[in-house]
Amino acid sequence: MTEPDRIRCEEVVAHLLEFLDGEIDAGPRERIEQHLAECRGCYSRAEFERVLRQRLRTLDDVSPPDSLRRRLKSLLDAF
């Protein structure tokens, strides 16, 4: 990939949810996929988000306790 085609970590994080939802165009999607293949930090964050979403989909319609909300927010803010 040439330097102008490279995407920075900040851009990946800014578009990560759109990427995971499949709501991003082919060009940017390919750039993000390439970045995730090369950047361990962004790959780890994307995997965390994927696993979190998968687990949340399996939960019943219950509200999590405030302590869990705070803990998840803290984990997400740390990235």
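For the structure itself, consult the block above.
The following paragraphs examine the structure supplied in this document. The model shown is predicted, which means the values in this text are computed figures rather than measured ones.

The next subject is the side chain of H35. Relative to the helices and strands, H35 resides in helix α2 (residues 26-38). What H35 contacts, discounting residues up to four positions off in sequence, is I7, R8, C9, V12 and C42.

Moving on, we come to the side chain of R45. By the secondary structure assignment, R45 is in helix α3 (residues 40-58). Among buried Asp, Glu, Lys and Arg side chains, R45 stands out as unpaired, with E49 the closest opposite charge at 4.1 Å. With sequence-adjacent residues up to four places away left out, R45 is seen in contact with V13, L16, L76 and F79.

What describes two packed helices is the angle between their axes and the distance between those same axes. Here helix α1 (residues 9-20) crosses α2 at 115°, and the two axes come no closer than 10 Å. The two elements α1 and α2 meet at a crossing, and its hand is left-handed. Along the contact surface, α1 presents C9, E11, V12, H15 and F19, while α2 presents R29, R31, I32, E33, H35 and L36. Considered class by class, the residues forming the contact of α1 with α2 number five nonpolar, two polar and four charged.

About the thresholds
Residues numbered from 1 in each chain as written. Predicted model: local features only at pLDDT ≥ 70, side-chain atom pairs only at ≥ 80, totals over all residues. Heavy atoms only, no water. Helix = DSSP H or I, 4+ residues; strand = E, 2+ residues; numbered from the N terminus. Contact = heavy atoms within 4.5 Å. Buried < 20%, exposed > 50% of the residue type's maximum accessible area, 1.4 Å probe, protein only. Lys, Arg positive; Asp, Glu negative; His and termini not counted. Salt bridge = Lys/Arg side-chain N within 4 Å of Asp/Glu carboxyl O. Axes fitted to C-alpha atoms, helices over the stretch in contact; angles between N-to-C directions. Left-handed = near helix turned anticlockwise from the far one by under 90°. Nonpolar A, V, L, I, M, F, W, Y, C, P; charged D, E, K, R; others polar.

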